[in-house]
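Single-letter residue listing:
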Amino acid sequence: MDSLQQRSSTVQEPLAETAYRPTPPPAWRPRTDPAPLLPDAEPLRVLGTDAVADADPALLRRLYAELVRGRRYNAQATALTKQGRLAVYPSTTGQEASEIGAALALEERDWLFPSYRDTLAAVARGLDPVQALTLLRGDWHTGYDPREHRIAPLCTPLATQLPHAVGLAHAARLKGDDVVALAMVGDGGTSEGDFHEALNFAAVWQAPVVFFVQNNGFAISVPLAKQTAAPSLAHKAVGYGMPGRLVDGNDVVAVHQVLTEAVARARRGGGPTLVEAITYRIDAHTNADDATRYRADGEVETWRAHDPVLLLERELTARGLLDEEGRRAAAEAAETMAAELRERMNADPVLDPMDLFTHVYAEQTAQLREQAAQLRAELEAEGESR
């Protein structure tokens, strides 16, 4: 017993000053200097600064026309939900600059990976407005051919499109294709595991992909402060070994500039970039949401003063690049689009129930063939009974 107590006492004695203290081996040290990866303290802005003088006037006019069309598209789609022509519509009113800036930053050969809220980005990229709304209408599959338009299906599950974007970009690089993928996600999506997995794989593989986070303040009713304690979402980039950029999401010129630079960097082999756009969701989460239960009207009105359409319109007018005729032409073009969208959406679609089996597998399984045959027999019997 005495010897046991003696050994216990010996173990508890403090170490001598000459005791060995190991130091971390060289492999412990950071492999990358984090400083160049950190975002700036303030979001990049172009409108209202001297930098706007370097912008191409033709590009500015195009961005304005797209913003006006986008605002009218959002209003018309929202109206269609009230008329029962759409099951649901997640509006991007107030976020049009982020949507348009993203779509126009890509080349034709690149791929866009949108979330469910990014129908406007798909339309700005050239997708038929009716096809962009088909999924939200509850019609045929995703509504369009992703391969034809280089637009992945609108993704309703949060952030699951991000690993898909990384996979496509990595595969394109292995094949030697000059392709970049731009993946869009909301601030709520950054709380999903798919977001972190996608960023990690992209950075390790140096995949040519750009992650574009539209931070519009709320994940449905959850404010950003209850999702993360990070200085910004762009700061998360450094943890994965990629640059983070912060941009004013209501400044369409700044958004277009930052994303164009990130796409070019990815194309020349520089790897992925995480871009966070600070914007605001003026409308409710969807037509099924009551935003007044979790935010004040005054907060919304404050952001209306930073409206992306008005910001660019004032800049163009001040620089002599936009007059009353130009404003009228943009508004008339947007109204023509809205009228056509109304007319086409008010026509009931002709649906073929057999399409349920057409685009599931390249070659149907035995079970699907059996189910298809059963449905076909039921349809034929129903037709004969009429």
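The structure this text deals with has already been given above.
This text gives an overview of the structure that appears in the document. Model, not experiment: these values are computed from the prediction. In this convention, every chain numbers its residues from 1, walking through the sequence in written order. Only residues with pLDDT of at least 70 are given local features in this predicted model, and only at 80 or more are side-chain atom pairs given and counted; all residues enter the totals for whole chains, interfaces and linings. Computation of side-chain values: all heavy atoms of the structure, hydrogens and water removed.

### Notes on the overall build of the protein chain
Next up, step 1: By definition, any uninterrupted DSSP run of H or I lasting at least four residues is a helix, any uninterrupted run of E lasting at least two residues is a strand, and each is numbered from the N terminus. Per the secondary structure count, the protein chain includes 13 helices and seven strands.
Next up, step 2: Taking the principal axes of the C-alpha coordinates as reference, the protein chain spans close to 100 × 65 × 50 Å.
Next up, step 3: Here the protein chain holds 386 residues, and 44% of them are scored as buried.
Next up, step 4: The contact rule is simple, with two residues in contact once any of their heavy atoms fall within 4.5 Å. If you take every contact in the protein chain between residues at least 6 apart in sequence, the share linking residues at least 24 apart comes to 76%.
Next up, step 5: Seen as two clouds, the 39 positive and the 55 negative side-chain charges of the protein chain have centres 2 Å apart. Burial classification: accessible surface area is computed with a 1.4 Å probe over protein chains only, and a residue below 20% of its type maximum counts as buried, one above 50% as exposed, and the rest as partly exposed. In this tally, Lys and Arg are treated as positive and Asp and Glu as negative; His is ignored, and so are the chain termini. Where a charge sits is defined by one atom per residue type, namely NZ (Lys), CZ (Arg), CG (Asp) or CD (Glu).

### Quick word on the pattern of salt bridges
Next up, step 1: Definition used for salt bridges: Asp or Glu carboxyl oxygen within 4 Å of a side-chain nitrogen of Lys or Arg. Tallied over the full model, the rule gives 18 salt bridges.
Next up, step 2: As a salt-bridge pair, glutamate 66 and arginine 69 come within 3.4 Å of each other at their nearest N and O atoms. Highlighted residues: glutamate 66 and arginine 69, both in helix H2 (residues 57–82), separated by three residues, approximately one helical turn.
Next up, step 3: Take arginine 69: its relative accessible area is 26%, and that puts it in the partly exposed class.
Next up, step 4: A salt bridge links aspartate 177 to lysine 175; the shortest N-O distance between them is 3.8 Å.
Next up, step 5: By relative accessible area, which is 65% here, lysine 175 ends up exposed.
Next up, step 6: Where salt bridges share partners, they join Arg109, Asp110, Asp178 and Arg267 into one cluster.

### Comments concerning the nonpolar core
Next up, step 1: In this structure, Tyr73, Leu133, Leu182, Phe212, Val253, Leu259 and Leu312 are the most contacted members of the largest nonpolar core, which totals 63 residues.
Next up, step 2: Element by element, the count of residues in this core is highest for helix H9 (residues 252–267), at nine residues.
Next up, step 3: Setting aside chain neighbours within four positions, we find leucine 182 in contact with Ala102, Leu106, Trp111, Leu112, Phe113, Val210, Phe212, Leu259 and Val263. Side-chain atoms within 4.5 Å link the members of a nonpolar core, which is a set of buried Ala, Val, Leu, Ile, Met, Phe, Trp, Tyr and Cys residues.

### Some thoughts on the pairing of strand E3 (residues 209–215)
Next up, step 1: For E3, the buried fraction is high: seven of the seven residues fall into the buried class.
Next up, step 2: Here E3 shows two buried faces, one formed by Val209, Phe211, Val213 and Asn215 and the other by Val210, Phe212 and Gln214.
Next up, step 3: Alignment of strand E2 (residues 181–186) against E3, held across six bridges, turns out to be parallel. The partner of alanine 183 across the bridge, within E3, is phenylalanine 211.
Next up, step 4: In this region the chain leaves E2, passes through helix H8 (residues 193–205) and returns to the parallel neighbour E3; the handedness of that crossover is right-handed. Paired strands, in this sense, are two strands between which DSSP finds at least two bridges. Looking down the strands as they point away from you, a crossover is right-handed if its path from the first strand over the helix to the second goes clockwise.

### Structural notes on the packing of aromatic side chains
Next up, step 1: Between 30 and 60 degrees the pair is tilted, below 30 it is stacked and above 60 it is edge-to-face, where a pair is any two Phe, Tyr or Trp rings, Trp via its six-membered ring, whose centres lie within 6.5 Å. Under the criterion given, the structure shown has six aromatic pairs.
Next up, step 2: Each ring, one from phenylalanine 201 and one from tryptophan 205, has its centre 4.9 Å from the other, and the planes form 35 degrees; the classification is tilted. With a gap of four residues between them, phenylalanine 201 and tryptophan 205 both fall in helix H8, about one helical turn apart.
Next up, step 3: For phenylalanine 201, a relative accessible area of 44% translates into the label partly exposed.
Next up, step 4: Residue class for tryptophan 205 comes out partly exposed when judged on its relative accessible area of 33%.

### A word on H2
Next up, step 1: Helices are assigned an expected span. That span is 1.5 Å times one less than the residue count. Look at H2: 38 Å from first C-alpha to last across 26 residues, which is about the 38 Å you get at 1.5 Å a residue.
Next up, step 2: Between N or O atoms, a polar contact is any pair within 3.5 Å; within protein, one atom must be a potential hydrogen donor and the other a potential acceptor, and residues adjacent in sequence are included only when both atoms are from side chains. Where H2 starts, the residue carrying a side-chain oxygen 3.2 Å from the main-chain nitrogen of alanine 58 turns out to be aspartate 56.
Next up, step 3: Remark: glycine 84 follows H2 within two positions and exhibits a positive phi of approximately 80 degrees.

### Re unusual backbone geometry
Next up, step 1: For arginine 150, which is not glycine, the phi torsion reads 60 degrees and is therefore positive.
Next up, step 2: Along the chain, arginine 150 turns up in the loop between helix H6 (146–149) and helix H7 (161–175).
Next up, step 3: By relative accessible area, which is 29% here, arginine 150 ends up partly exposed.
Next up, step 4: Backbone geometry at glutamine 206 places phi at a positive 55 degrees, although glycine is not the residue there.
Next up, step 5: If you trace the backbone, glutamine 206 turns up in the loop between H8 and E3.

### Details of the pairing of strand E6 (residues 244–248)
Next up, step 1: Where burial is concerned, most of E6 is hidden: four out of the five residues are buried.
Next up, step 2: Sheet topology places E6 next to strand E7 (residues 273–278); five bridges connect them, and they run parallel. Considered in E7, the bridge of valine 247 is made with alanine 277.
Next up, step 3: As a crossover connection, the stretch from E6 through H9 into E7 is right-handed.

### Focus: the packing of H2 against helix H3 (residues 96–104)
Next up, step 1: Every angle, taken between N-to-C directions, lies between 0 and 180 degrees, and every axis is a line fitted to C-alpha atoms, over only the stretch in contact when it is a helix. Where H2 contacts H3, the two axes come as close as 9 Å, and the packing angle between them is 125 degrees. As far as their axial angle goes, H3 and H2 are oblique. In this structure, H2 meets H3 at a crossing whose hand is right-handed. From H2, Arg62, Leu63, Glu66, Leu67, Gly70, Arg71 and Asn74 reach across to H3, where they touch Glu96, Ala97, Ile100 and Leu104.
Next up, step 2: Side-chain classes are defined by residue name, with Ala, Val, Leu, Ile, Met, Phe, Trp, Tyr, Cys and Pro counting as nonpolar, Asp, Glu, Lys and Arg as charged, and the others, Gly among them, as polar. Here the contact of H2 with H3 is composed, by residue class, of five nonpolar, two polar and four charged. Small angles under 35 degrees read as roughly parallel and large ones over 145 as roughly antiparallel, with 65 to 115 read as roughly perpendicular and the rest as oblique. Helix crossings are classified by the rotation of the near helix relative to the far one: an anticlockwise turn of less than a right angle makes the crossing left-handed, while a clockwise turn makes it right-handed.

### A closer look at helix H12 (residues 324–345)
Next up, step 1: Across its 22 residues, H12 extends 31 Å between first and last C-alpha, which sits within 8% of the 32 Å expected from 1.5 Å per residue.
Next up, step 2: Along its buried surface, H12 packs onto H2 and helix H5 (129–137).

### Describing the environment of aspartate 352
Next up, step 1: Structurally, the position occupied by aspartate 352 is in the loop between H12 and helix H13 (366–385).
Next up, step 2: Classification of aspartate 352 as partly exposed rests on a relative accessible area of 41%.
Next up, step 3: For the pair aspartate 352 and tryptophan 140, spaced 212 residues apart in sequence, the C-alpha separation works out to 8.8 Å.

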